[in-house]
Amino acid sequence: MRAALCTSYGENVDEVLSVQDDIVASPRLEIDKPPAGFPDAMLVRVLAVALSPGDVRVMSGKTREFQGPPSFPYTPGGDVCGVVVSVPEEEKNGDGGKKCRFRIGDKIAARFANKPMGMLGEYALVNTDVCDCVPAGISAEGAAALVSSGTVAVLIGDRIQEGDRVLIFGAGGGVGSHLCQMARLQGASYVAGVGKDPQRLMEKPLCCDYAIDYTKADPLAVKEWVEDPFDVIVDLSGGVWPALVKQRSTHQSIVKPASKRGRYLTTSPDTPTFELHSVWAGMKLFLFPALWRAIYTRCGVAGNLPTYSWVMGLPGSSNIVTRTLTLASENKLVPSIDTQGPFPFTTEGVRDAFRLQASRHVKGKVVITVSKE
């Protein structure tokens, strides 16, 4: 089958990534195991794949001990929209086993499970636990974008309350573009965004009330925001918390303190790009700082700092996928795709898509069209 293949670890896509015909066979549901190692698989014909930072990180080898492929070459891509072509036979599940709820011909969207890999080919095995049928009216590219980043935005949106003033760092990216919409849907009274294209952030469907370019102005020093601080800061870009701590000594802040229900939500460590080669290194990067900050800001001694919460961690079920797709079907959440795409399923198209994702200057989601519906 036709598939994108990564031949070794590396950051130069011209050297390690290409689209090839007939190098790898189509996966067989009853015989082959998904490269990401998840159970409860079904076979789909791939329509579109949305990239994420994890796809670039896996290919680089910076987290190979935890997210590395079982062998080379491997097919990248973890978030997908496709059409079901084969489901497990009922008798193979055994008495009391879990019956597959999908049927051949269903158009589904599935987010990655365990590791983001295996999807960027004509056919792929997807995990039935983290997917759902795509409602009518949503394109394959839109569904892939929604299941990839829209789900995270919905999860974070649950932390936003009616009347909140919300500031989103990284508002123009995949998660941010959908979170701007979710914040408004949750009843936020004021939504501001930080990104490189402030004009886009204030246009439909993102509709921020105000936005600034972080390369031209310091978001932490905006006079209006200091005078009327935010209830919630969402950091999708990484590194905002240390700046807030440093600002604490000035007794001025753009976010309310924990005592006034100020909240800081993040999906990223302080360094958005990182290497991870051991469990201890992972604990130092993710667990220890987040745990200490969460405890410290809830003990009444944090001064003017908000409560700190790490909110990355999608549930291992289809509920969040179903909610996200339903919101889109009701025109309450619009898929956000970078206008440079969708990219074609060619060597140059896939390489261009990975280059854009690696640049960290994506406007929405990077999506690759694999086949027509």
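See the structure above.
The structure contained in this document is the topic of the report that follows. No experiment lies behind these values; they were computed from the predicted model shown.

Some points on the sheet that holds strand β13 (residues 307-310)
Turning to step 1, where the next piece is worked out: Spatially, β10-β9-β8-β11-β12-β13 is the arrangement adopted by the six strands of the open sheet, whose pairing is parallel. A strand with exactly one partner marks an edge of an open sheet, and here the two such strands are β10 (210-213) and β13. Within this sheet the neighbouring strands show an average axis-to-axis angle of 15°, counted without direction.

Here we look at the pattern of salt bridges
Turning to step 1, where the next piece is worked out: Inspection of every chain in the model, using the stated rule, returns 17 salt bridges.
Turning to step 2, where the next piece is worked out: In this structure, the salt-bridge partner of Arg355 is Asp14, at a minimum N-O distance of 2.4 Å. Linking Arg355 in helix α12 (residues 347-359) with Asp14 in helix α1 (residues 13-16), this pair joins segments that are 341 residues apart in sequence.
Turning to step 3, where the next piece is worked out: We classify Arg355 as partly exposed; its relative accessible area is 34%.
Turning to step 4, where the next piece is worked out: For the salt bridge of Lys332 with Glu330, the shortest nitrogen-to-oxygen distance reads 3.4 Å.

Some remarks on the packing of aromatic side chains
Turning to step 1, where the next piece is worked out: Inspection of every chain in the model, using the stated rule, returns twelve aromatic pairs.
Turning to step 2, where the next piece is worked out: Taking the centre distance of 6.0 Å and the plane angle of 85° together, the rings of Tyr210 and Trp225 count as edge-to-face. With Tyr210 in strand β10 and Trp225 in helix α8 (residues 223-227), the pair connects residues that are 15 residues apart, well separated along the chain.
Turning to step 3, where the next piece is worked out: Looking at Tyr210, the relative accessible area reads 38%, which means it is partly exposed.

A word on helix α5 (residues 140-157)
Turn by turn, an α-helix covers 3.6 residues, leaving residues three or four places apart pointing in a common direction.
Turning to step 1, where the next piece is worked out: Given a rise of 1.5 Å per residue, 18 residues ought to cover 26 Å, and the 24 Å separating the end C-alpha atoms of α5 matches this to within 8%.
Turning to step 2, where the next piece is worked out: The sharpest bend along α5 reaches about 45° and sits at Val147.
Turning to step 3, where the next piece is worked out: Of all 18 residues that make up α5, 17 are buried, and the element is covered over most of its length.

Conventions and cut-offs
Residues numbered from 1 in each chain as written. Predicted model: local features only at pLDDT ≥ 70, side-chain atom pairs only at ≥ 80, totals over all residues. Heavy atoms only, no water. Pairing = 2+ DSSP bridges. Helix = DSSP H or I, 4+ residues; strand = E, 2+ residues; numbered from the N terminus. Axes fitted to C-alpha atoms, helices over the stretch in contact; angles between N-to-C directions. Salt bridge = Lys/Arg side-chain N within 4 Å of Asp/Glu carboxyl O. Buried < 20%, exposed > 50% of the residue type's maximum accessible area, 1.4 Å probe, protein only. Phe/Tyr/Trp six-rings, centres within 6.5 Å; stacked < 30°, edge-to-face > 60°. Expected span 1.5 Å × (residues − 1). Bend = angle between axes of the 7 residues up to and from the residue.

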